[in-house]
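Working through the structure, step by step
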There are 2 protein chains.
Amino acid sequence: MAIEQAIDHFLSSTCEWLRGTGPESDIVMSSRTRLARNMTGYLFSGRMDVAAQQQMIEDVAKAVASVPFLKNAYFFNYKSLKDLDRQFLLERHLISREHATEKGEKALVVTQNEVVSIMVLEEDHLRIQVFQSGLNLVEAWRLIDKIDSALESKLLYAFDPSLGYLTACPTNLGTGFRSSCMLHLVGLMMTKQVDKVLQALSKLNFAARGFFGEGTQASGNFFQFSNQLTLGQSEVDIVDGLERVMKQIIEHEKEARNYLLEKRRAKLEDQIWRAVGTLKSARLMSSAEASGLLSLMRLGIDLGMIKNLSKTNLNALFLFTQPAHLQKLSASMLKAVERDQKRAELLRTRLKDVEVA
Amino acid sequence: MAIEQAIDHFLSSTCEWLRGTGPESDIVMSSRTRLARNMTGYLFSGRMDVAAQQQMIEDVAKAVASVPFLKNAYFFNYKSLKDLDRQFLLERHLISREHATEKGEKALVVTQNEVVSIMVLEEDHLRIQVFQSGLNLVEAWRLIDKIDSALESKLLYAFDPSLGYLTACPTNLGTGFRSSCMLHLVGLMMTKQVDKVLQALSKLNFAARGFFGEGTQASGNFFQFSNQLTLGQSEVDIVDGLERVMKQIIEHEKEARNYLLEKRRAKLEDQIWRAVGTLKSARLMSSAEASGLLSLMRLGIDLGMIKNLSKTNLNALFLFTQPAHLQKLSASMLKAVERDQKRAELLRTRLKDVEVA
């Protein structure tokens, strides 16, 4: 299938990580697992020549075609991918910033439902990702393990009996496994407790990142958490450890929301309805402002205040107000001020049925 | 008529100075003239004993009853006026802060249409005020002169052939006349030119005050201008001088609005629609915030952007969102936070037909 058609399909659907379903989906947006894999007989990605890169992409394409779960997946060769399309895939979390921007031959495998993405020739030869909505690390682990085993039967993974899977960066050595959860901590932000929580997590070696991954600021009060220290731990230990800590944060967030409802209800309702009023009326809006206001609106949906808008559709707005998404929707390149106009227009249109009570 | 009925009548009507009609009413809210008068045979207000004050109120009541134009006017004796009612009259510009708060016998005459108010026993025995909508100083002068002449035929004014009318403060000596205009300078505020204009006016001895007169801050981008130096000038000279300067400011304000429309239209529309969105959705709103947002909305009406709301009804909101008005509307005393809630509720209700285009 042509890349254009694939992107059109994505443009009219919602990513798995934004569907807003699954356990604890009021607070947990999504769960993600990732595996780093490399092949024997090749140098690491950064050191390969073009011919070897092209050969590897062919090998992977063949292997992918034989995995039943990946049968209808899209296969993007980066040669034919425009910058805007790369940014689009980056905004959807299907690729990393490094994969989007660095030179060289690269490819991407994505299932139509966007649950699985496999970056070919990232820092490692393969970076396999699986997304689930809500707090669902176990399922994300079960699925990635299945895909990994299927690929391993077709590809020669670089594996050392004592070190485990070999990776470009030693921090990934062993299982090559990482897991993360994205949480909407609007209550902890509003009660100014989020820094305390982040500090405590950092002591426990859990890293916090923004909505768009490594090196990005928290946006829309979303924080992505992952365990930093994984050496010597099995995948199941890692998943269990992260899930246990996430459940503690969820409790803190619930307490913060209850506190706001009980002690500062008038102010809270004012903030939420003002956010709705601004989103429904502004003519110019930056992406950062949109995220902040949509975060308040998401809380309004969680609290049952806002009707006529599903959480899935609200979640989608976090994504569709991003620069590349706006430009793909308009089918044209837009300057920053034009994007601010288009973003405000999109929000007014998509929120027109939401009534201010 | 009982005071309660009079206040109920005011509560359901719009003051003359807020009607939003008359010449240049896009920029000029209202014109006002004032005369200070004292009676012979009495000490000045501050030095009179209670018996003399009561006698004077009786004299004035009799004189007022004989003036045809004032026949159906309300006559308030301050003895029966509660603090909240005084604050209510102050917000409507019918009395001065001094008259509202200082101890002693006092009275007030107000015509039902609120065009004329006469404070009895303010700093001077009589302070006669006439309001007109828009830039209409000549009519405000014509009318106050007629009322003054009618009263003079019944009351013994303190007049010295060489000094003119005697007044408690020497700055009012002579004609006892002052005139002022209230201008909505939202364009000059948004283009940050208002300070320059105020400085130039101050050099020409024109004073600028806020929406609620002497000693108040500019609110909702309204400025009240009056000539400071009037000694040796006739009333007609004073009115002409003020009107000439007002016309210059009006030109500057029009230029500022044109500049905004031509050079910053997207930003201007964004600011105006956001103001509407916030006014239609907030749950808590301070009086200062309401004034600022209503000011933007007034500009939106002037520019033809906002439909389904007359300028008269918009203008009325500047007044009805004030503390005493809110409390009279609710028929109860309200704490600050309750007022912020009531104010937001009133705005949502009164603006519900305004659609965000």
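All of these numbers come straight from a predicted model, not from anything done at the bench.

To continue, consider the overall build of chain A. When its secondary structure is counted, chain A shows 13 helices and ten strands. Looking at chain A as a whole, 56% of its 357 residues qualify as buried. A separation threshold of at least 6 residues defines the contact pool for chain A, and within that pool the share at least 24 residues apart is 72%. A total accessible area of about 15300 Å² is found for chain A, and carbon and sulfur atoms account for 51% of it. Taking the average location of the 45 positive side-chain charges in chain A and that of its 42 negative ones, the two points are 5 Å from each other.

A few words on the packing of helix α10 (residues 287–302) of chain B against helix α11 (residues 311–320) of chain B. Residue and element names in this part refer to chain B. At a closest axis distance of 10 Å, the pairing of α10 and α11 adopts a crossing angle of 170°. Considering their axes alone, α10 and α11 lie roughly antiparallel with respect to each other. Two secondary-structure elements touch here, α10 through Ser291, Leu294, Ser295, Met297, Arg298, Ile301 and Asp302 and α11 through Lys311, Leu314, Asn315, Leu317 and Phe318. Looking at the contact of α10 with α11, its residues break down into six nonpolar, three polar and three charged.

Right, let's talk about the domain arrangement of chain A for a bit. Residue and element names in this part refer to chain A. Per the domain assignment, the segments making up chain A are domain 1 (3–182) and domain 2 (265–356). The C-alpha-based centres of domain 1 and domain 2 are spaced at 30 Å. Here domain 1 and domain 2 share an interface that buries about 1500 Å² over both sides, 61% of which is from carbon and sulfur atoms. Looking at the side of domain 1 facing domain 2, the largest losses of area belong to Leu11, Leu84 and Glu91, adding up to 37% of the total buried there. At the surface where domain 1 touches domain 2, the tally comes to nine residue pairs in polar contact (both at pLDDT 80 or more). Taken together, the elements giving at least two residues each to the side of domain 1 that touches domain 2 come down to α1 (3–11) and α3 (83–91). For the side of domain 1 that touches domain 2, the element with the most residues is α3, which contributes five residues. Of the residues assigned to the side of domain 1 that touches domain 2, the class counts are nine nonpolar, five polar and five charged.

The buried count for α11(B) comes to eight of ten residues, which makes it a mostly enclosed element. Of all the residues in α11(B), the buried ones are B:Lys311, B:Leu314, B:Asn315, B:Ala316, B:Leu317, B:Phe318, B:Leu319 and B:Phe320.

Residues and elements named next belong to chain B. Examined against the element boundaries, Thr191 turns out to sit in the loop between α6 (186–190) and α7 (194–203). A polar atom in the side chain of Thr191 sits 2.8 Å from the backbone oxygen of Gly187. Setting aside residues no more than four positions away along its own chain, Thr191 makes contact with Ala256, Tyr259 and Leu260.

What follows concerns the sheet that holds strand β10 (residues 222–227) of chain B. Residues and elements named next belong to chain B. Strand order across the open sheet formed by eight strands is β2-β3-β4-β5-β1-β8-β10-β9, with antiparallel pairing between neighbours. Unpaired on one side and paired on the other, β2 (74–77) and β9 (206–209) mark the two borders of the sheet. Across the sheet, the axes of successive neighbouring strands diverge by a mean angle of 20°, strand direction being ignored. Sheet analysis places β2 next to strand β3 (residues 107–110), joined by four bridges and oriented antiparallel. Bridge pairing in β3 places Phe75 opposite Val109. Each of β2 and β3 touches helix α1 (residues 3–11); the most contacted strand, β2, lies at about 125° to it.

A few words on the side chain of A:Arg34. Residue and element names in this part refer to chain A. Here Arg34 lies in strand β1 (residues 28–37). The side chain of Arg34 sits in the buried core without any salt bridge; Asp124 is the nearest counter-charge, 5.7 Å away. Only 3.3 Å separates the side chain of Arg34 from the side chain of Asn172, close enough to count as a polar contact. Here Gly176 takes part through its backbone oxygen, which lies 3.2 Å from a polar atom of the side chain of Arg34. With sequence-adjacent residues up to four places away left out, Arg34 is seen in contact with Arg127, Ile128, Gln129, Ile144, Asn172, Gly176, Phe177 and Arg178.

Attention now goes to the relation of the copies chain B and chain A. Superposition record for chain B on chain A: RMSD 0.0 Å, screw rotation 180°, translation along axis 0.1 Å. Interpreted geometrically, this transformation is the action of a two-fold axis. Residues of chain B ranked by C-alpha distance from the rotation axis are headed by B:Gly277, positioned 2.2 Å from it. With an isologous cut-off of 70% or more, the 100% of interface residues of chain B that recur at the interface of chain A puts this contact in the isologous class.

On the side of chain A, 19 residues touch chain B, which itself brings 19 residues to the contact. Roughly 1400 Å² of surface becomes buried between chain B and chain A when both sides are summed, with 51% attributable to carbon and sulfur atoms. Per-residue buried area on chain B facing chain A is highest for B:Arg274, B:Arg283 and B:Leu284; these three make up 40% of the total on that side. Counting across the interface, chain B meets chain A through two salt bridges. Put simply, chain B and chain A have ten residue pairs in polar contact (both at pLDDT 80 or more) between them.

This brings us to unusual backbone geometry. Unusually for a residue other than glycine, A:Glu114 sits at a positive phi of about 60°. Considering the arrangement of structural elements, one finds A:Glu114 in the loop between β3 (107–110) and β4 (116–120).

Our next topic: the pairing of strand β8 (residues 177–184) of chain B. All names here are of chain B. Among the eight residues of β8, eight are classified as buried, and the element is accordingly described as predominantly covered. Burial along β8 is two-sided: the face carrying Phe177, Ser179, Cys181 and Leu183 and the face carrying Arg178, Ser180, Met182 and His184 are both buried. Taken together, the seven bridges between strand β1 (residues 28–37) and β8 define a ladder with antiparallel strand orientation. Paired with Arg32 across the strands is Ser180, a residue of β8. As paired elements, β8 and β10 share five bridges and run antiparallel to each other. Within β10, the residue paired with Met182 across the bridge is Gln224.

Before going further, it helps to spend a moment on helix α9 (residues 265–279) of chain A. Counted at 1.5 Å a residue, the expected span for α9(A) with its 15 residues is 21 Å, and the 21 Å between its end C-alpha atoms agrees. Buried within α9(A) are the following residues: A:Leu268, A:Asp270, A:Ile272, A:Trp273, A:Arg274, A:Ala275, A:Val276, A:Gly277, A:Thr278 and A:Leu279. At its buried positions, α9(A) is contacted by α6 (186–190), α8 (235–263), α10 (287–302) and α13 (336–350) of chain A together with α9 (265–279) and α10 of chain B.

Residues and elements named next belong to chain A. Relative to the elements of secondary structure, Lys106 occurs in the loop between α4 (97–101) and β3. As a C-alpha pair, Lys106 and Asp195 span 89 residues in sequence and 38 Å in three-dimensional space. Those residues within four positions of Lys106 in sequence are excluded, and the remaining contacts are Ile57, Phe76, Asn77, Tyr78, Glu98, His99, Val120 and Leu121.

Scoring rules and cut-offs
- Residues numbered from 1 in each chain as written.
- Chains lettered and ligands numbered in written order.
- Predicted model: local features only at pLDDT ≥ 70, side-chain atom pairs only at ≥ 80, totals over all residues.
- Heavy atoms only, no water.
- Helix = DSSP H or I, 4+ residues; strand = E, 2+ residues; numbered from the N terminus.
- Buried < 20%, exposed > 50% of the residue type's maximum accessible area, 1.4 Å probe, protein only.
- Contact = heavy atoms within 4.5 Å.
- Areas by Shrake-Rupley, 256 points an atom, 1.4 Å probe, with all protein chains shown as cover.
- Lys, Arg positive; Asp, Glu negative; His and termini not counted.
- Charge placed at Lys NZ, Arg CZ, Asp CG, Glu CD.
- Axes fitted to C-alpha atoms, helices over the stretch in contact; angles between N-to-C directions.
- Parallel < 35°, antiparallel > 145°, perpendicular 65-115°, else oblique.
- Nonpolar A, V, L, I, M, F, W, Y, C, P; charged D, E, K, R; others polar.
- Domains from an automatic or database assignment.
- Buried area = accessible area lost by both parts, 1.4 Å probe.
- Polar contact = N/O pair within 3.5 Å; in protein donor to acceptor, adjacent residues only side chain to side chain.
- Pairing = 2+ DSSP bridges.
- Salt bridge = Lys/Arg side-chain N within 4 Å of Asp/Glu carboxyl O.
- Least-squares fit on C-alpha atoms with pLDDT ≥ 70 in both.
- Expected span 1.5 Å × (residues − 1).

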